[in-house]
Amino acid sequence: MSLDDLYRRVIMDHYQQPRNRGRIEDGAVTVDLNNPTCGDRISVQMRVKDDTIKEAKFLGEGCSISLASASMMTEAVKGLSVDQALQLVDLFSRMMQGEDVDTEEFPLEDIEALQGVAKFPARIKCATLAWKALEKGAKGPTDDR
Ligand code: FES
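All values derive from a computational prediction rather than experimental measurement. (Residues numbered from 1 in each chain as written. Predicted model: local features only at pLDDT ≥ 70, side-chain atom pairs only at ≥ 80, totals over all residues. Heavy atoms only, no water.)

Trainee: Account for the overall build of the protein, with residues named and values stated.
Mentor: Check the secondary structure of the protein and you find four helices and three strands. Scanning the protein from its N terminus toward the C terminus, one meets helices and strands in the order α-β-β-β-α-α-α. Relative to its length of 145 residues, the protein is compact, with a C-alpha radius of gyration of 14 Å against a globular reference of 15 Å. Reported as C-alpha extents along the three principal axes, the dimensions of the protein are approximately 45 × 30 × 25 Å. Across the 145 residues that make up the protein, the buried fraction comes to 41%. In the protein, of all internal contacts separated by at least 6 residues, the share reaching a separation of at least 24 is 56%. Side chains of the protein give 19 positive and 25 negative charges; the mean places of these two sets differ by 5 Å. (Helix = DSSP H or I, 4+ residues; strand = E, 2+ residues; numbered from the N terminus. Rg over C-alpha atoms; globule rule 2.2 N^0.38 Å. Buried < 20%, exposed > 50% of the residue type's maximum accessible area, 1.4 Å probe, protein only. Contact = heavy atoms within 4.5 Å. Lys, Arg positive; Asp, Glu negative; His and termini not counted. Charge placed at Lys NZ, Arg CZ, Asp CG, Glu CD.)

Trainee: Account for helix α2 (residues 64-77), with residues named and values stated.
Mentor: Relative to the 20 Å expected for 14 residues at 1.5 Å per residue, α2 spans 20 Å between its end C-alpha atoms, a close match to the ideal helical length. Most of α2 is tucked away: 11 of the 14 residues are buried. Within α2 the residues assigned to the buried category are Ile65, Ser66, Leu67, Ala68, Ser69, Ala70, Ser71, Met72, Met73, Thr74 and Val77. Elements that come into contact with the buried residues of α2 comprise α1 (3-16), β2 (41-49), β3 (52-61), α3 (82-96) and α4 (121-139). Immediately beyond the C-terminal end of α2, within one or two residues, lies Gly79, with a positive phi of roughly 90 degrees. (Expected span 1.5 Å × (residues − 1).)

Trainee: Can you explain the pairing of strand β1 (residues 29-34)? Please cite residues and give values.
Mentor: As paired strands, β1 and β2 are joined by six bridges and run antiparallel to one another. Each residue of the ladder has a partner; that of Leu33, found in β2, is Ile42. Turn length for the β1-β2 hairpin, with the two strands adjacent in sequence and antiparallel, is six residues, and the turn residue Gly39 shows positive phi of about 85 degrees. (Pairing = 2+ DSSP bridges.)

Trainee: Residues and numbers for the side chain of Ser43, please.
Mentor: Within the secondary structure layout, Ser43 lies in strand β2. At 2.9 Å, the side chain of Ser43 and the side chain of Arg23 are in polar contact. Engagement of the side chain of Ser43 in a polar contact is seen with the side chain of Asp32, the distance being 2.6 Å. Dropping the residues within four chain positions of it, Ser43 is found in contact with Arg23, Thr30, Val31, Asp32, Lys57, Phe58 and Leu59. (Polar contact = N/O pair within 3.5 Å; in protein donor to acceptor, adjacent residues only side chain to side chain.)

Trainee: Tell me what's going on with the environment of Arg19, and back it up with residues and numbers.
Mentor: By the secondary structure assignment, Arg19 is in the loop between α1 and β1. Its relative accessible area of 23% is what places Arg19 among the partly exposed residues. The spacing of Arg19 and Met73 is 54 residues in sequence and 9.3 Å in space, taken between C-alpha atoms. Ignoring sequence-local partners within four residues, the contact set of Arg19 consists of Asp13, His14, Phe58, Ser71, Thr74, Glu75 and Asp110.

The analysis is restricted to geometry; functional conclusions fall outside its scope.
Pasting the structure below:
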């Protein structure tokens, strides 16, 4: 199996069996965002306690890339501090710009399957939608952390 086939399988697995799809009952930061190019929407929630992301969930309508990416993101940020999560958002966004990112600090695991998206500029907004929602929620309403 080629690496592209493997990555495609990982993406389809997250799309068909999304992790952390649903709502957090209470005490959650919620950010709703849409992809302006297609109108698809995503709602990301996270519960932060003692500066740690204890739980992250999402709901939304979108393409396989956007929903698989949301599934991977919610898995990856669980247990990270808010600052670490923001660093991961930065790393992901650099990966989407085609940068060869240093993954020593954050093993990307399934997220790596999305790196090929960087070659398709029209899909980058799909892949980054959930991450932008997370970033907005993590930075808080004032954006001045
Ligand atoms: Fe709408 Fe991908 S086509 S989020």
